[in-house]
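So the chains spell out like this:
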Amino acid sequence: MNLNRHLLFLIATLFSLSLHAQHETALKSGEPILNGNPNGIGRLSPAFYNGYIMGIIDIPGKGKNNLFLQGTDGHGRGTYWYPFRKLSPEGIPVYKKPIQLTLPFEDKGNNRGVVINGNNNEIIFVWGFGKTLKWAYFNLQTLTFSALKTIKIEGLPRGFSEFGVSQQKNGKYTLFFSIREEGVFGSGRPFPQKITYTPEGFWPYDIARLGIYGATIDDLEVTQASAKQLTPTDQVYYAFDGFTVYREGAKSTLLAGTRLGNIAAYTLNESNLELGPKKFATGTDGIILRNPNVHAYVAYFNDSVENQGVVTIGEGGIYYYRNTRKFDKKGNLILEKPQHLLQEEPNLYGGSLVVPCVVDWDGDGKLDIISGTSPGYIYFFKNIGTNQQPQYIDPVPLKAADEIIQVQPGYKEDIQGPGEARWGYTCPTVIDWDGDGLPDILTGDSRGKFMVYLNKGTKTNPVLEREHTLYLNGMDMFGTWRVKPGVSKIGDKMAYITTDKDDEFHLYWQLDKYNLTDGGKLKIGDTLAIRGNRYGGGTVGRSKIEIVDWDEDGKKDLLIGTYGKQSIPDTVSGLPLNMKPKRGSTVLFMKNIGTDEKPVYQYPRVLKFKGKNISLGGHSCAPSTARIGEGGRLNLVVGIETGIFMFYDRKDLSW
């Protein structure tokens with residue numbers, strides 16, 4: 001009898017713990033979906049989509065390896081302190097939830113910052129202001145800063161774009177600056193800049209390259225520093241992404257991230273401030289590393305001799321490369337493959353500018369998330385909970401033809417030029433496209449290509465073929481870039497909606513698994529074609545289209561995720577450009593007052609959460625509808641620019 005009571009108590013305790021875990025990961029209307037990993041630890045979710053790593057420092061009384069991040073975009077702008085928690089069993093750093101700091105100046109996102117330890121373990125913040133550095137002590141007890149002091153930098157031929165500060169063993173400080181070479185790197189025309197390639201297919205301007213200048217100062221109390229050139233100005237394309245120093249015995253190595261993802265490595269003589277020839281960080285396979293996402297802003301993590309390495313951040317995530325502390329015969333530093341940095345109780349994080357589709361991907365009856373990202377991946381977030389209380393765990397990248405999908409436009413395939421080589425902007429829609437009962441993936445992306453990944457696996461084990469082009473009249477299907485196509489079965493036909501070369505919403509019908517036929521432009525009323533944007537260039541496209549009977553009247557409407565500067569359906573009064581009281585990325589509802597076969601739409605309306613416009617930054621948002629959450633309602637999940645997924649219960653929405 002006592003044994004039975006003990007078993008009942010144990011079962012009740014486990015049930016209570018299970019309910020607590022479900023409560024912690026349950027959906028909350030108007031809030032981000034939380035990471036559902038059972039151990040409560042998941043991929044670190046930065047508060048921004050674009051920003052920097054300022055440094056990793058020790059804080060007396062608070063431990064070592066405190067991480068500081070700086071967001072520069074409008075949605076997540078700010079400075080964030082992530083206290084170090086522990087190492088995971090695999091040796092990956094785990095951080096606590098962030099604390100946002102208030103800076104000693106108005107933060108408009110223009111002043112790159114660095115944080116270091118001073119000679120007496122003070123916490124010192126340094127920011128770039130034009131050709132000067134400004135710095136202040138940080139008071140941990142009050143979370144405030146001392147008055148700013150200024151160091152004027154002499155000897156630079158022009159302003160610096162990035163900088164780094166390193167404390168030497170002797171207490172002096174080394175300053176590093178990235179300097180762009182002289183040249184013409186664009187048309188100079190105001191936004192939206194007209195961008196084009198030559199008839200031969202080449203970018204008509206030089207690609208900007210940069211070099212490194214440096215200075216040594218005795219302490220930060222100096223009022224000026226004299227910099228000298230340390231490398232030619234031909235070291236990297238576009239940008240260095242910060243600087244950090246790795247020391248091993250008497251040897252020092254300057255590490256510098258780059259916009260295109262490589263990590264440059266220079267032998268550093270700190271006594272006379274000289275750099276050796278450029279080398280690289282390579283993998284254990286001997287191949288030069290390329291950060292998984294766009295940019296590679298660097299800092300150095302040092303927990304112990306055995307566990308130390310490089311941390312990088314860019315648009316799409318933050319990574320840890322454990323340092324083998326070895327150099328190859330060419331002088332390259334050998335790092336292990338990157339692992340996602342971890343955080344306690346993070347939001348569910350999918351990179352940046354995420355484009356979700358809520359769907360049962362693996363045939364277990366639970367609605368998962370398939371999501372695109374700006375670095376060009378397509379991720380699968382498995383639901384290990386229920387549809388009423390979903391529990392989404394860290395994603396895995398999908399493969400096609402047994403290779404991880406990562407769309408990269410490279411030199412020629414992005415309308416904004418080779419500077420956008422690493423932005424893939426994958427926008428997936430999941431549906432059974434070829435009628436075999438398995439979910440397939442149709443995409444738009446940064447290349448302006450419209451592709452299909454057919455699933456040739458089984459219901460419980462999806463296997464994707466390589467991407468395949470969709471055709472219209474025998475020509476590759478073409479339209480504006482960064483569009484999530486709206487796809488839906490209507491009667492016995494499959495409808496496909498995207499924006500065409502006029503940046504207007506256009507209906508097509510499926511002929512077979514690779515071919516479409518023209519269904520005509522979509523309209524407001526009888527005459528008004530639905531335009532996407534007021535401006536041209538890179539502002540075109542970008543719509544994230546969901547075909548769904550949103551008002552449940554038996555006819556399929558449109559939900560459209562927008563870019564903050566879009567003007568739908570016209571260039572004069574369209575939304576969200578003219579949204580009041582303030583424009584921002586939002587979800588528009590376009591009611592179908594025609595039929596499914598011949599749709600006609602009303603003027604778009606902004607979705608409202610508890611009576612207020614949904615406004616989710618300026619860059620991008622992407623809606624997906626699904627019957628997840630309590631009550632079985634058709635609810636809304638919206639992916640936003642910072643890489644998280646907002647959940648909205650239908651009962652809280654109006655339009």
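The rules behind each value
Residues numbered from 1 in each chain as written. Predicted model: local features only at pLDDT ≥ 70, side-chain atom pairs only at ≥ 80, totals over all residues. Heavy atoms only, no water. Helix = DSSP H or I, 4+ residues; strand = E, 2+ residues; numbered from the N terminus. Rg over C-alpha atoms; globule rule 2.2 N^0.38 Å. Contact = heavy atoms within 4.5 Å. Lys, Arg positive; Asp, Glu negative; His and termini not counted. Charge placed at Lys NZ, Arg CZ, Asp CG, Glu CD. Salt bridge = Lys/Arg side-chain N within 4 Å of Asp/Glu carboxyl O. Pairing = 2+ DSSP bridges. pLDDT = per-residue confidence, 0-100. Phe/Tyr/Trp six-rings, centres within 6.5 Å; stacked < 30°, edge-to-face > 60°. Buried < 20%, exposed > 50% of the residue type's maximum accessible area, 1.4 Å probe, protein only. Lys NZ or Arg CZ within 6 Å of the ring centre and 35° of its normal. Core = buried A, V, L, I, M, F, W, Y, C linked by side-chain atoms within 4.5 Å. Polar contact = N/O pair within 3.5 Å; in protein donor to acceptor, adjacent residues only side chain to side chain.

Undergrad: Please clarify how the overall build of the protein chain should be interpreted in this entry.
TA: Each helix and strand counted, the protein chain has 1 helix and 60 strands in total. In terms of C-alpha radius of gyration, the protein chain reaches 26 Å, essentially the compact-globule figure of 26 Å for 655 residues. Oriented by its inertia axes, the alpha-carbon framework of the protein chain measures out at about 85 × 75 × 50 Å. Taking all contacts inside the protein chain whose residues are at least 6 apart in sequence as the whole, residues at least 24 apart take part in 55%. Placing the 74 positive and 69 negative side-chain charges of the protein chain at their respective mean positions leaves the two points 3 Å apart.

Undergrad: Could you clarify how one ought to interpret the pattern of salt bridges in this entry?
TA: Side-chain pairing between opposite charges can occur once the charged atoms of the two side chains come close. Taken as a whole, this structure holds 29 salt bridges when the rule is applied. Notably, a salt bridge pairs Glu-552 with Arg-627, separated by 3.3 Å at the nearest N-O pair. A residue pair is termed long-range when its members are at least 10 positions apart, and Glu-552 in the loop between strand 49 (544–548) and strand 50 (557–561) and Arg-627 in the loop between strand 57 (621–626) and strand 58 (635–640) qualify at 75 residues. Residues joined in a network through salt bridges with shared partners are Asp-500, Lys-501, Asp-502, Glu-504 and Lys-521.

Undergrad: Would you explain the pairing of strand 13 (residues 149–154) in this entry?
TA: Put simply, side chains in a regular strand alternate between the two faces of the sheet. In terms of strand pairing, strand 11 (residues 132–139) meets strand 13 through 4 bridges, oriented antiparallel. Of the residues in strand 13, the one forming a bridge with Thr-132 is Lys-152. With 3 bridges joining them, strand 13 and strand 17 (residues 224–226) adopt parallel strand pairing. Considered in strand 17, the bridge of Glu-154 is made with Ser-226.

Undergrad: I'm lost on unusual backbone geometry in this one. Help?
TA: Across residues other than glycine, the phi torsion is negative in most instances, and most of the peptide bonds are trans. For the bond from Ile-568 to Pro-569, the omega torsion is 10°, close enough to zero to count as cis. One can find Pro-569 in the loop between strand 51 (567–568) and strand 52 (575–576). The omega torsion across Lys-580 and Pro-581 is 5°, close enough to zero to call that bond cis. Looking at the element boundaries, Pro-581 is found in the loop between strand 52 and strand 53 (587–590).

Undergrad: Looking at this structure, how should I read the confidence of the model for the protein chain?
TA: A low pLDDT score tells you not to read the predicted coordinates there in detail. Chain-level pLDDT for the protein chain is 94 on average; 95% of the residues reach the 70-or-more range. Considering only residues more than four positions removed or in separate chains, one finds that residues 1–23, a stretch of pLDDT under 50, has 1 contact.

Undergrad: I'm lost on the packing of aromatic side chains in this one. Help?
TA: In this description, an aromatic ring pair is defined by two values, namely the gap between the centres and the angle between the planes. Applying the stated criterion across every chain, the model contains 31 aromatic pairs. With centroids separated by 5.6 Å and ring planes inclined at 40°, the aromatic side chains of Phe-240 and Phe-243 adopt a geometry described as tilted. Judged by its relative accessible area of 0%, Phe-240 is buried. Taken together, the ring pairs connect Phe-68, Trp-81, Phe-105, Phe-125, Trp-127, Phe-129, Phe-138 and Phe-145 into an aromatic cluster. Its end group placed over the ring of Phe-129, Lys-134 keeps NZ or CZ at 5.6 Å from the ring centre.

Undergrad: Help me understand the pairing of strand 37 (residues 427–431), please; the structure alone is not making it clear to me.
TA: Counting buried residues in strand 37 gives 5 out of 5 residues, a clear majority hidden from the surface. Judged by which residues are buried, strand 37 turns out to be covered on both faces: Cys-427, Thr-429 and Ile-431 on one side and Pro-428 and Val-430 on the other are all buried. In this sheet, strand 38 (residues 440–444) lies alongside strand 37 in antiparallel orientation, the contact comprising 5 bridges. Each residue of the ladder has a partner; that of Pro-428, found in strand 38, is Thr-443.

Undergrad: Would you mind showing me how to read the environment of Pro-485 here?
TA: Structurally, Pro-485 can be placed in the loop between strand 42 (475–476) and strand 43 (486–490). Pro-485 sits 56 residues away from Thr-429 along the chain, and the two C-alpha atoms are 6.6 Å apart. Excluding its chain neighbours within four sequence positions, the residues that come into contact with Pro-485 are Cys-427, Thr-429, Leu-442, Thr-443, Gly-444, Tyr-496, Ile-497 and Ile-545.

Undergrad: How should the nonpolar core be read in this particular structure?
TA: Nonpolar side chains tend toward joint burial in soluble globular proteins. Counting residues in each nonpolar core, the largest one holds 36 residues, and the members touching the most others are Trp-433, Tyr-496, Ile-497 and Leu-558. Sorting the residues of this core by element identifies strand 43, strand 44 (493–499), strand 45 (505–510), strand 49, strand 50 and strand 53 as the ones contributing at least two each. With 29 residues, the next largest nonpolar core counts Ala-281, Leu-348, Phe-381 and Val-637 among its residues.

Undergrad: Can you walk me through the side chain of His-295 in this structure?
TA: Tracing the sequence through the fold places His-295 in strand 25 (residues 294–302). Side chain to side chain, His-295 and Asp-241 meet in a polar contact 2.9 Å long.

Undergrad: Please explain the sheet that holds strand 58 as it appears in this structure.
TA: Hydrogen bonds between backbone groups are what pair the strands of a sheet, and the pairing can be parallel or antiparallel. The sheet built from 4 strands is open, its strands ordered 1-59-58-57 with antiparallel pairing. Of all the strands in the sheet, the pair left with one neighbour each is strand 1 (31–32) and strand 57. Alignment of strand 57 against strand 58, held across 6 bridges, turns out to be antiparallel. Of the residues in strand 58, the one forming a bridge with Pro-623 is Val-638.

Undergrad: How should the sheet that holds strand 39 (residues 451–453) be read in this particular structure?
TA: Judged by pairing direction, the sheet is antiparallel, and its 4 strands sit side by side in the order 37-38-39-40 without closing on themselves. Looking at strand neighbours, the two that pair on one side only are strand 37 and strand 40 (468–469), the edges of this open sheet.

Undergrad: In this structure, what is going on with the side chain of His-340? I would like to understand it.
TA: Mapping His-340 onto the fold places it in strand 29 (residues 339–340). Of note is the side chain of His-340, whose polar atom sits 3.3 Å from the side chain of Arg-43. When neighbours within four sequence positions are excluded, His-340 is seen to be in contact with Arg-43, Ile-92, Ile-318 and Tyr-319.

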